[in-house]
Amino acid sequence: MTTAIGQDSGLTLRHVSKRFNDDAAPPVLDRIDLSIASGEFVSIVGASGCGKSTLLRLIAGLDGDHEGEIEFDGKRVVTTDLSRGIVFQDHRLFPWLDVAQNVAVALRNAPLSKAEKARAVAEHVELVGLKGYERHYPHQLSGGMAQRVAIARGLVNRPRLLLLDEPFGALDALTRSRLQLELQRIWERERITMVLVTHDVEEAVLLSDRIVVMQARPGRIGEVIDVGLARPRKVGDREVAGLRDDIVDTFFTEAA
Amino acid sequence: MSTLDWEAGTVKGSWRGLVLPVAALAVWWIVSRGAQAGHGVMVSPAQVWDTAVEQVRSGALVRALSASLARELTGFAIGTGLGLALGALLGISKLANRAIAPSFNTFKQVSLFAWIPLISVWFGLGDVAKVVFLSLAALVPVVMHTSDGIRAVPVNWLDVARAYRYGRLQTLAYVVLPAALPSIFTGVYLALIYSWLATLGAEYLLVAGSGIGNTLVDGSEQFRMDLVVFGVIVVGLTGWALNALARGVQRRWFETSRAA
């Protein structure tokens, strides 16, 4: 924590552009510049088609072939790495593995002994509140529980950066708000950098230090907003609602 | 959940499946009573029963059935083994797929029985020819379902493997194969059924040696309808047993750990 905002820590994007095969179309991402300090929680919000998920996949190293530079902890991102975890919108658990085995999927190439892996799995299953469900298979879980497993899988490697691609987008409102609080708690406890892609402005206000508002065609950063509200925050808070309304009014009224 | 419903359904509704066979048996019995005695075309259930007892007692049934099953299992094993290898190759390697898949797809359009003349010239009418034929019958579904199953693995799951730095072999062993397993099993299951059907075809068309197909041939040549009917019943029951066996294995392996 001593080098919180040093040159070589955290995530830096410089002039990142990405286009798909068609050169005539506007780029999916157009010269994105963004710095995220380590330990920070940043949300990327925007209408669908603004390239926010593409941006996240580039940071994860799942997609390549972009212009500009992405640096994490002083190293260029060229491919995936265990120090950068990712949670997808669909949980993407393997149906033939139970909860504990699904979490352990992330540890296959981790430099840990068998016992250490087992301990890490048990800890993270407990962290997401699923102790006792280790032997359950994905089809026996609710959508919210499956997404908790996916979060445990994303965290079990102790990545320094966790990327979340609309992780609660497919859940019902009640489950979503419960998991948002859980995520807030986990972030406060683990103190790792988190980048959350969402189309839910309230979710962004609730969880983030800063909110990056993206615009579409070409995908670009419209505004970066400092949230600066005291934590812990709740959905009902007046400040949370106020800031959400401000952002929605300023950026998303014409689009809607 | 679905397993329980399904099983409850079978137990409760199983008698319904028996209605048709019992009715057919009754009609058969009535009609054969009315037919002229000594007329060879129509045999009574009692005659077939006598033949069945005689076939079992003399050991003819065991000899024929074990010869057929040995053939069936040999062809099934060879065809499935080769099919798994070829299917995996077609599923995994884009190059192999481009090079081989068009030829294979043409090959599978040729009716299996069209190969019989060629097989009989090359391998004769004995066991080797029959096993070659059965292997072909088993090979096709296994290749199809293995390569399709492998190529249908969702990209989303492959992303997970890449995010956790899986190498090629790890991705294959821990993601692609488990994901493709249900489809592969379907191919193997079909191979078992097809190769049993083909066993009969082979014994009928490559007439040499013993087997349950030969029992049928003998029955029709000697105009012994009791023997023919008995043979048909044995063939049907054997197919049913193989089917039940495969279904049982499938339920045990797949339905405990995944949603249907």
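Colleague: Help me understand the overall build of chain B in this model?
Modeller: Counting its secondary structure elements, chain B contains 11 helices and zero strands. Taking 2.2 N^0.38 as the reference for a compact globule, 260 residues should give roughly 18 Å; the C-alpha atoms of chain B span a radius of gyration of 23 Å, well beyond that estimate. The C-alpha extent of chain B, read off along each of the three principal axes, is 80 × 55 × 30 Å. Buried residues in chain B amount to 40% of all 260 residues. Partitioning the contacts of chain B with sequence separation of at least 6, the portion at a separation of at least 24 is 71%. Total accessible area on chain B stands at roughly 14500 Å², and carbon and sulfur atoms take up 70% of it. Averaging the coordinates of the 19 positive side-chain charges in chain B and doing the same for the 13 negative ones gives two points 11 Å apart.

Colleague: Before we go on, may I ask you to explain the sheet that holds strand β3 (residues 41–45) of chain A in this structure?
Modeller: Strand pairing in a sheet relies on backbone hydrogen bonds, with the paired strands running either antiparallel or parallel. Residues and elements named next belong to chain A. Reading across the sheet, the six strands line up as β6-β7-β8-β3-β9-β10 and stay open at both edges, with mixed pairing between neighbours. Here the strands that pair on one side only, and so sit at the sheet edges, are β6 (84–87) and β10 (220–226). Ignoring which end each strand starts from, the neighbouring axes of this sheet average 20° apart. Of the pairings in the sheet, the one linking strand β9 (residues 210–215) to β10 comprises six bridges and is antiparallel in character.

Colleague: I'm lost on the sheet that holds strand β1 (residues 11–18) of chain A in this one. Help?
Modeller: All names here are of chain A. Spatially, β2-β1-β4-β5 is the arrangement adopted by the four strands of the open sheet, whose pairing is antiparallel. The sheet is open, and its two edges are formed by β2 (29–36) and β5 (75–76), each paired on a single side. Packed onto the sheet, helix α1 (residues 52–60) meets β1, β2 and β4 (67–72) and runs at close to 120° relative to β1.

Colleague: Looking at this model, I keep getting lost on the packing of helix α9 (residues 168–205) of chain B against helix α11 (residues 225–254) of chain B. Mind explaining?
Modeller: Think of two packed helices as two axes; the pair is described by the angle between the axes and how far apart they sit. All names here are of chain B. Interhelical geometry of α9 versus α11 gives an angle of 170° and a closest axis separation of 10 Å. With respect to α11, the axis of α9 lies roughly antiparallel. Each of L181, P182, F185, T186, Y189, L192, I193, W196 and L200 in α9 lies in contact with α11, whose residues at this interface are V235, T238, G239, L242, N243, A246, R247, V249, Q250, W253 and F254. Taken together, the residues that form the contact of α9 with α11 break down as 14 nonpolar, five polar and one charged.

Colleague: Teacher, can you tell me more about the environment of A96 of chain B here?
Modeller: Residue and element names in this part refer to chain B. Turning to its location among the elements, A96 is positioned in helix α5 (residues 94–109). Along the sequence, A96 and L86 sit 10 residues apart, while their C-alpha atoms lie 9.4 Å from each other. If we skip the residues at most four places from it in the chain, A96 touches L89, L90 and A101.

Colleague: Just to check I follow, could you spell out the interface of chain A and chain B for this structure?
Modeller: Taken together, the contact between chain A and chain B spans 24 residues of the former and 18 residues of the latter. Here chain A packs against chain B, burying approximately 2100 Å² in sum over the two surfaces, 56% of which is carbon and sulfur. At the boundary of chain A and chain B, one finds two salt bridges. Inspection of the region where chain A meets chain B yields 14 residue pairs in polar contact (both at pLDDT 80 or more). Its residues assigned to classes, the side of chain A that touches chain B shows 11 nonpolar, seven polar and six charged.

Colleague: When you look at the pattern of salt bridges in this model, what are you seeing that I'm missing?
Modeller: Pairs can form between side chains of opposite charge whenever their charged atoms are close. Considering all chains together, one arrives at 27 salt bridges over all chains under this definition. For E69 of chain A, the salt bridge identified is with R14 of chain A, shortest N-O distance 3.5 Å. With a gap of 55 residues between them, E69 of chain A in strand β4 and R14 of chain A in strand β1 connect regions that are remote in the sequence. Residue R14 of chain A is classed as partly exposed on the basis of its relative accessible area of 36%. In this structure, the salt-bridge partner of D148 of chain B is R151 of chain B, at a minimum N-O distance of 3.8 Å. Placement of both D148 of chain B and R151 of chain B in helix α7 (residues 127–151) is noted, with a separation of three residues, approximately one turn of the helix. Assessed through its relative accessible area of 38%, D148 of chain B is described here as partly exposed. Owing to a relative accessible area of 49%, R151 of chain B belongs among the partly exposed residues under this scheme. Bridged by salt links that share partners, the residues R57, D63, D90 and R92 of chain A together with D159 and R162 of chain B form one connected network.

Colleague: Just checking my understanding: could you explain the nonpolar core for this structure?
Modeller: Most often, soluble globular proteins keep nonpolar side chains buried together rather than apart. Core analysis: the largest hydrophobic core is formed by 123 residues, its most contacted members being L11, L13, M194, I211 and I247 of chain A together with I212 of chain B. Looking at this core, the element that brings in the most residues is α9 of chain B, giving 12 residues. In this structure, F133, L139, V140 and V143 of chain B belong to the second largest nonpolar core, which totals 16 residues.

Colleague: Hey, could you run me through a nonpolar patch on the surface in this one?
Modeller: Residues L118, V121, W122, F123 and V128 of chain B make up a contiguous nonpolar surface patch of about 540 Å² in total accessible area. Here L118 of chain B shows up in helix α6 (residues 116–123).

Colleague: Whenever I open this one, the environment of R76 of chain A confuses me. Can you help?
Modeller: All names here are of chain A. Looking at the secondary structure, you find R76 in strand β5. The sequence separation of R76 and T12 amounts to 64 residues, and the corresponding C-alpha distance is 9.4 Å. With sequence-adjacent residues up to four places away left out, R76 is seen in contact with G68, E69, I70 and E71.

Colleague: Looking at this structure, how should I read the packing of aromatic side chains?
Modeller: Where two aromatic rings form a pair, the distance of their centres and the angle of their planes describe that pair. Evaluated as defined, the whole model comprises 10 aromatic pairs over all chains. Aromatic side chains W96 of chain A and W157 of chain B sit 5.4 Å apart centroid to centroid with 80° between the ring planes, which places their arrangement in the edge-to-face category. With W96 of chain A in the loop between β6 and α2 (99–104) and W157 of chain B in helix α8 (residues 155–163), the pair connects residues from two separate chains. What makes W96 of chain A buried here is its relative accessible area of 14%. When its relative accessible area of 18% is taken as the criterion, W157 of chain B is described as buried. Of note, R92 of chain A hangs over the ring of F88 of chain A, and the distance from its end group to the ring centre comes to 3.8 Å. Directly above the ring of Y174 of chain B sits R108 of chain A, whose terminal nitrogen or CZ lies 3.4 Å from the centroid.

Conventions and cut-offs
- Residues numbered from 1 in each chain as written.
- Chains lettered and ligands numbered in written order.
- Predicted model: local features only at pLDDT ≥ 70, side-chain atom pairs only at ≥ 80, totals over all residues.
- Heavy atoms only, no water.
- Helix = DSSP H or I, 4+ residues; strand = E, 2+ residues; numbered from the N terminus.
- Rg over C-alpha atoms; globule rule 2.2 N^0.38 Å.
- Buried < 20%, exposed > 50% of the residue type's maximum accessible area, 1.4 Å probe, protein only.
- Contact = heavy atoms within 4.5 Å.
- Areas by Shrake-Rupley, 256 points an atom, 1.4 Å probe, with all protein chains shown as cover.
- Lys, Arg positive; Asp, Glu negative; His and termini not counted.
- Charge placed at Lys NZ, Arg CZ, Asp CG, Glu CD.
- Pairing = 2+ DSSP bridges.
- Axes fitted to C-alpha atoms, helices over the stretch in contact; angles between N-to-C directions.
- Parallel < 35°, antiparallel > 145°, perpendicular 65-115°, else oblique.
- Nonpolar A, V, L, I, M, F, W, Y, C, P; charged D, E, K, R; others polar.
- Buried area = accessible area lost by both parts, 1.4 Å probe.
- Salt bridge = Lys/Arg side-chain N within 4 Å of Asp/Glu carboxyl O.
- Polar contact = N/O pair within 3.5 Å; in protein donor to acceptor, adjacent residues only side chain to side chain.
- Core = buried A, V, L, I, M, F, W, Y, C linked by side-chain atoms within 4.5 Å.
- Patch = residues over 30% accessible without salt bridge, like charges linked within 9 Å, V, L, I, M, F, W, Y side chains within 5 Å.
- Phe/Tyr/Trp six-rings, centres within 6.5 Å; stacked < 30°, edge-to-face > 60°.
- Lys NZ or Arg CZ within 6 Å of the ring centre and 35° of its normal.

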